[in-house]
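Chains, contacts and geometry: an overview
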Amino acid sequence: MEQNYEQLKAIFPTLLNSQFYEVLERHTEIKVIKKGEYLVDYQSLSKKLFILIKGAVMTDFVARNGEKRTIMFHTEEFCPFFKSYDSFFLHKHSSYEMRAIEQTIVAVINFEYLYEYIQQDLEVLQFYTHATEELFMITEQLRNNHLTLTSEEYLAWLYDHFPFLIQRFPAQNIANFMGITPVWLSKLKAKMFS
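Everything numeric here is computed off the predicted structure, so don't read it as measured data. (Residues numbered from 1 in each chain as written. Predicted model: local features only at pLDDT ≥ 70, side-chain atom pairs only at ≥ 80, totals over all residues. Heavy atoms only, no water.)

It is worth spelling out helix α8 (residues 171-178) at this point. Among the residues making up α8, those that are buried are N173, I174, A175, F177 and M178. Remark: G179 follows α8 within two positions and exhibits a positive phi of approximately 80 degrees. (Buried < 20%, exposed > 50% of the residue type's maximum accessible area, 1.4 Å probe, protein only. Helix = DSSP H or I, 4+ residues; strand = E, 2+ residues; numbered from the N terminus.)

Next comes the structure, spelled out in structure tokens:
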């Protein structure tokens, strides 16, 4: 478990002060999540921030009619910070499900406490702001290309920019993320690589 805390510390820049690391260690629980296990259930209230240390997690949006749509992927190196934004900021039951697609190790932090701490530490605030802006930029790139490209062009764009997503996550979830059927995704892949 100590190794996981060291890996967690490695995520943060060395310029962060030792007091932050002490706070982080006191208010963080390291959890091993089994493949298929949910970190956030639909309609739950989640005030936790998750930091992916090892593994892969998928976020699905659940519509009012119960239909699920994959909206984001998380790995150790791609969007490793995530939370149920509607639960935390809007104080409502989550419209999201977050599920491990392989055995995953996450740091679970009470985000309310961390958010209070961030207000007092400029270095941590700058790091948090940068991480949030990076997530926003990635989300914007994914959304804008999804909206403006054909499914074939979008798949090619994903292969060019984020090939590890297609390699690591199940094809049915990549298809769902793209708004197409798994059969159509398979046909697009066959066309691309023929």
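A word on a nonpolar patch on the surface. Together, Y85, F89, L90 and Y115 make up a nonpolar patch on the protein surface, roughly 380 Å² of accessible area in all. Among the elements that take part in the nonpolar patch, helix α3 (residues 85-90) stands out by supplying three residues, more than any other. Secondary-structure assignment places L90 in helix α3. (Patch = residues over 30% accessible without salt bridge, like charges linked within 9 Å, V, L, I, M, F, W, Y side chains within 5 Å. Areas by Shrake-Rupley, 256 points an atom, 1.4 Å probe, with all protein chains shown as cover. Salt bridge = Lys/Arg side-chain N within 4 Å of Asp/Glu carboxyl O.)

Time to look at the pattern of salt bridges. Applying the stated rule across the entire model yields five salt bridges. In this structure, the salt-bridge partner of E76 is R168, at a minimum N-O distance of 3.0 Å. Remark: R168 occurs in helix α7 (residues 163-168) and E76 occurs in the loop between β5 (68-75) and β6 (81-83); sequence separation between them is 92 residues. Residue K191 pairs with E152 through a salt bridge whose shortest N-O separation is 3.1 Å.

Spatial strand order, β2-β7-β4-β5: four strands in an open sheet with antiparallel pairing. Each edge of the sheet is formed by a strand with only one pairing partner; in this case those strands are β2 (38-40) and β5. With strand direction ignored, the average angle separating the axes of adjacent strands in the sheet is 30 degrees. Helix-sheet contacts for α8 involve β4 (56-62), β5 and β7 (96-100), and the interaxial angle to β5 is about 115 degrees. (Pairing = 2+ DSSP bridges. Axes fitted to C-alpha atoms, helices over the stretch in contact; angles between N-to-C directions. Contact = heavy atoms within 4.5 Å.)

Now for the packing of aromatic side chains. Scanning the model with the defined rule gives 16 aromatic pairs in all. Look at F89 and Y115: their rings are 6.4 Å apart centre to centre, the planes differ by 80 degrees, and that puts the pair in the edge-to-face class. With a gap of 26 residues between them, F89 in helix α3 and Y115 in helix α4 (residues 111-118) connect regions that are remote in the sequence. Looking at F89, the relative accessible area reads 37%, which means it is partly exposed. Ring plane angle 85 degrees and centroid distance 5.2 Å describe the contact between Y159 and F193, whose orientation is recorded as edge-to-face. Here Y159, found in helix α6 (residues 151-161), pairs with F193, found in the segment after α9 (182-192); they are 34 residues apart in sequence, far enough to count as distant. Given the relative accessible area of 56%, F193 is considered exposed. A network of ring pairs unites the aromatic residues F73, F78, Y154, W157, F162, F164, F169 and F177 as a single cluster. (Phe/Tyr/Trp six-rings, centres within 6.5 Å; stacked < 30°, edge-to-face > 60°.)

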